[in-house]
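# Close look at the chain arrangement
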Amino acid sequence: MPTYTAYTTLPGKAPAEELGAALETLTPVPTGVGVFEIEDGSGLWEVGAYFIEAPDETALALLAAAFDARPFSVSELPETDWVAKVKRELAPVTAGRFFLYGSHDADKVPPDAVPLLIEAAMAFGTGHHGTTQGCLRAFDALLSAGQAQGPVLDVGCGTAVLAMAAARVFDTTVVASDIDPVAVDVAEANLAANGMAGQVICVEATGLDHPEIAGAGPFGVIFANILKGPLIDLAPAITAALAPQGHVILSGLLNEQASEVINAYADAGLSVVARDEIGEWTTLTLKMP
């Protein structure tokens, strides 16, 4: 059975979400609709839909015009065994002592690794993205140097892979927060899948504004794998929540955005102790005096 895709871009979260909702009213009805921010600093959002029947391109053109979006690009996907494709492409990832894998690779976990089971279907943060790998590598480096301390906070946790990594190696309080309630549900599901239910406090929060976060700090390690804008905006709050000699591990940054973020945290009183680039993404480790 053929599958069709239609996608477009437009500026702004609100109009993108409205266009996504409008797509769901089309005939034929799409089997899925996605709305995502493009992580290049452009402010553009991508809106896409999947169909099992050829979509009405006239209706798509009218929607694009109504929402001031670019014309929809429509294409037919070749028939693919997606389960096999995911298993083939999402090979296990090693990041220092941490080993991230899907259940189909459970037999490949090294005996001396810290295992983290993350299924590809669970959301952004499978460990295959350079930002997640960078954070795990940075955390591993702190552990190896004996410089990591708890408690730990994972801001914008997504799948909570970073929080789980901390909970695997630390006997300390670990808090994972996300602005998206779906991400919080995913985080709790991942914890359960790893036999770690209850080991991480998962909360829905905007930034660091939650009593569970305030009550658990100050933090020895704070992860924030989000985007440049929120990282800069949160610099004062993250710094205020950090313990003396504590570390902040930041990612979600394109390489060319790193200097601006470094400056924001320098103004807040932190200094860079490590900078790692994986492809087009930068991870920063900063320290409180």
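Look up a bit, the structure's there.
## Comments concerning the nonpolar core
Grouped together as the largest cluster of nonpolar side chains are 36 residues, with contacts concentrated most on Phe98, Leu100, Phe139, Val200, Phe223 and Ile249. If you list the elements that add at least two residues to this core, you get strand 5 (93-95), strand 6 (98-101), strand 7 (114-117), helix 4 (130-144), helix 5 (161-169), strand 9 (174-178), helix 6 (181-193) and strand 11 (219-225). For this core, the leading source of residues is helix 5, giving seven residues. Those residues in contact with Val200 that lie beyond four places of it in its chain are Ala163, Ala167, Val174, Val175, Ala176 and Leu191.

## Brief notes about the pairing of strand 14 (residues 281-287)
In terms of residue burial, strand 14 counts as a mostly covered element, since six of its seven residues are buried. Across six bridges, the pairing between strand 12 (residues 242-254) and strand 14 is antiparallel. Note on strand 14: the bridge partner recorded for His247 is Lys287. With seven bridges joining them, strand 13 (residues 271-278) and strand 14 adopt antiparallel strand pairing. Note on strand 14: the bridge partner recorded for Ile278 is Trp281. Connecting strand 13 to the next strand, strand 14, in antiparallel fashion are two residues, including Gly279 with a positive phi near 60 degrees.

## Comments concerning the packing of helix 4 against helix 5
Taken N-terminus to C-terminus, the directions of helix 4 and helix 5 make an angle of 20 degrees; their axes are 10 Å apart at the nearest point. One element, helix 4, and the other, helix 5, form an angle in the roughly parallel class. Seen along the crossing, helix 4 lies across helix 5 with a hand that is right-handed. Only Val161, Leu162, Ala165, Ala166 and Val169 of helix 5 make contact with helix 4, whose side of the interface consists of Thr132, Cys135, Leu136, Phe139 and Leu143.

Calculation notes
Residues numbered from 1 in each chain as written. Predicted model: local features only at pLDDT ≥ 70, side-chain atom pairs only at ≥ 80, totals over all residues. Heavy atoms only, no water. Core = buried A, V, L, I, M, F, W, Y, C linked by side-chain atoms within 4.5 Å. Buried < 20%, exposed > 50% of the residue type's maximum accessible area, 1.4 Å probe, protein only. Helix = DSSP H or I, 4+ residues; strand = E, 2+ residues; numbered from the N terminus. Contact = heavy atoms within 4.5 Å. Pairing = 2+ DSSP bridges. Axes fitted to C-alpha atoms, helices over the stretch in contact; angles between N-to-C directions. Parallel < 35°, antiparallel > 145°, perpendicular 65-115°, else oblique. Left-handed = near helix turned anticlockwise from the far one by under 90°.

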